[in-house]
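Chain by chain, the residues:
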Amino acid sequence: GHICLITDDGGPTTLTLADQLLQRGYRIVLLSFPQHIVSRREPLPPEIAQVRLQDMSEMHLRQQLVAISTSNGPVGAFIHLNPAWQEALAQQRNSGELKFLDAEEAVIKHVFMIAKHLMQPLKAVATKGRAIFLTVTQLDGQFGLGQGVDISLLGGGLNGLTKSLNLEWEPVFCRTVDLSQEIEAQQAAYAIIAEMHDPNRLITEVGYSRQGRMTLVSEEVMGS
């Protein structure tokens, strides 16, 4: 009776992921940002429920989350797909104007607010089974540590949020997945679903690039 709530990044990964989860028996609701925030939208099949935010206020978000739970069922899994913002980053590079993107800042702020309002529902689900809070960034598949790719560092803030929630929401499965922009939608969907079901709860961030799956580890460096 629970649903998987997915934010719409406007690209093909959203539809592919939703379709793959539907085939696995999940009930899906897509949460779409206003068009002035995320302009791209893929056409959706009728079996996927969609809720479109009309503005970026917290009051409106809370109202929509309540409406989603009332109409479709409580949220048992939340997946945020952060847009890649490639076009905006390219425009910045061409103009020589480097600053944080207002639209991405608004989206990431909204993810923090979504976490605030989903805390109690997800903790309640975690007493019965696996409750999921998962954020997906599209940096470089290496948490922004690679080279030669235009990325917005604001997306890295989602890693910090997820790691904090992993400590504060101990029963809830929390993870960040960073996907290289070279990865196609089908592969991205498979990677996200694999991470949703990973039994290893000792890691909170995983990257996928052409080099495969990677995690961060700490090593002691001895001085010479």
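The structure this text deals with has already been given above.
Note that this is a predicted model, so its numbers are computed, not measured.

1. Describing the packing of helix H4 (residues 102-126) against helix H5 (residues 157-168)
Relative to each other, H4 and H5 sit at 20°, their axes nearing to 11 Å. Judged on the interaxial angle alone, H5 and H4 are roughly parallel. In terms of crossing hand, the pair formed by H4 and H5 is right-handed. On the side of H4, the interface is formed by Ile108, Val111, Phe112, Ala115 and Lys123, while H5 contributes Gly157, Leu158, Leu161, Leu165 and Glu168. Here the contact of H4 with H5 is built from residues that sort into seven nonpolar, one polar and two charged.

2. Quick word on the nonpolar core
In this structure, Leu5, Leu31, Leu122, Phe133, Trp169 and Val172 are the most contacted members of the largest nonpolar core, which totals 33 residues. Contributing elements (two or more residues each) for this core: strand E1 (3-7), strand E2 (28-32), helix H2 (58-72), strand E4 (75-81), H4 and H5. The dominant element in this core, judged by the number of residues it contributes, is H4, at ten residues. Ignoring sequence-local partners within four residues, the contact set of Leu5 consists of Val29, Leu31, Leu65, Ile68, Val75, Ala77, Phe78 and Ile79. Cys4, Ala18, Phe173 and Val177 belong to the second-largest nonpolar core, a separate cluster that totals 26 residues.

3. Regarding the packing of aromatic side chains
This structure, assessed with the given rule, holds two aromatic pairs. Each ring, one from Phe78 and one from Phe133, has its centre 5.2 Å from the other, and the planes form 40°; the classification is tilted. One end of the pair, Phe78, is in strand E4; the other, Phe133, is in strand E5 (residues 132-137), and 55 residues separate them in sequence. Here Phe133 and Trp169 contribute two aromatic rings whose centre-to-centre distance is 5.6 Å and whose plane-to-plane angle is 85°, an arrangement assigned as edge-to-face. Taken as a pair, Phe133 in strand E5 and Trp169 in the loop between H5 and strand E6 (173-179) lie far apart in primary sequence, 36 residues in all. A relative accessible area of 0% places Phe133 in the buried class.

4. Comments concerning the pairing of strand E7 (residues 205-209)
Buried residues dominate E7, accounting for five of its five residues. On E7, burial covers both faces: Glu205, Gly207 and Ser209 on one face and Val206 and Tyr208 on the other are all buried. As defined by bridge partners, E6 adjoins E7 across four bridges and the pair is classed as parallel. What sits directly across from Val177, in E7, is Val206. Each parallel crossover has a hand, and for E6 linked through helix H6 (residues 185-196) to E7 it is left-handed.

Definitions and limits used
- Residues numbered from 1 in each chain as written.
- Predicted model: local features only at pLDDT ≥ 70, side-chain atom pairs only at ≥ 80, totals over all residues.
- Heavy atoms only, no water.
- Axes fitted to C-alpha atoms, helices over the stretch in contact; angles between N-to-C directions.
- Helix = DSSP H or I, 4+ residues; strand = E, 2+ residues; numbered from the N terminus.
- Parallel < 35°, antiparallel > 145°, perpendicular 65-115°, else oblique.
- Left-handed = near helix turned anticlockwise from the far one by under 90°.
- Contact = heavy atoms within 4.5 Å.
- Nonpolar A, V, L, I, M, F, W, Y, C, P; charged D, E, K, R; others polar.
- Core = buried A, V, L, I, M, F, W, Y, C linked by side-chain atoms within 4.5 Å.
- Buried < 20%, exposed > 50% of the residue type's maximum accessible area, 1.4 Å probe, protein only.
- Phe/Tyr/Trp six-rings, centres within 6.5 Å; stacked < 30°, edge-to-face > 60°.
- Pairing = 2+ DSSP bridges.
- Right-handed = clockwise from strand over helix to strand, strands pointing away.

Bear in mind that shape data such as this cannot, by itself, settle questions of function.
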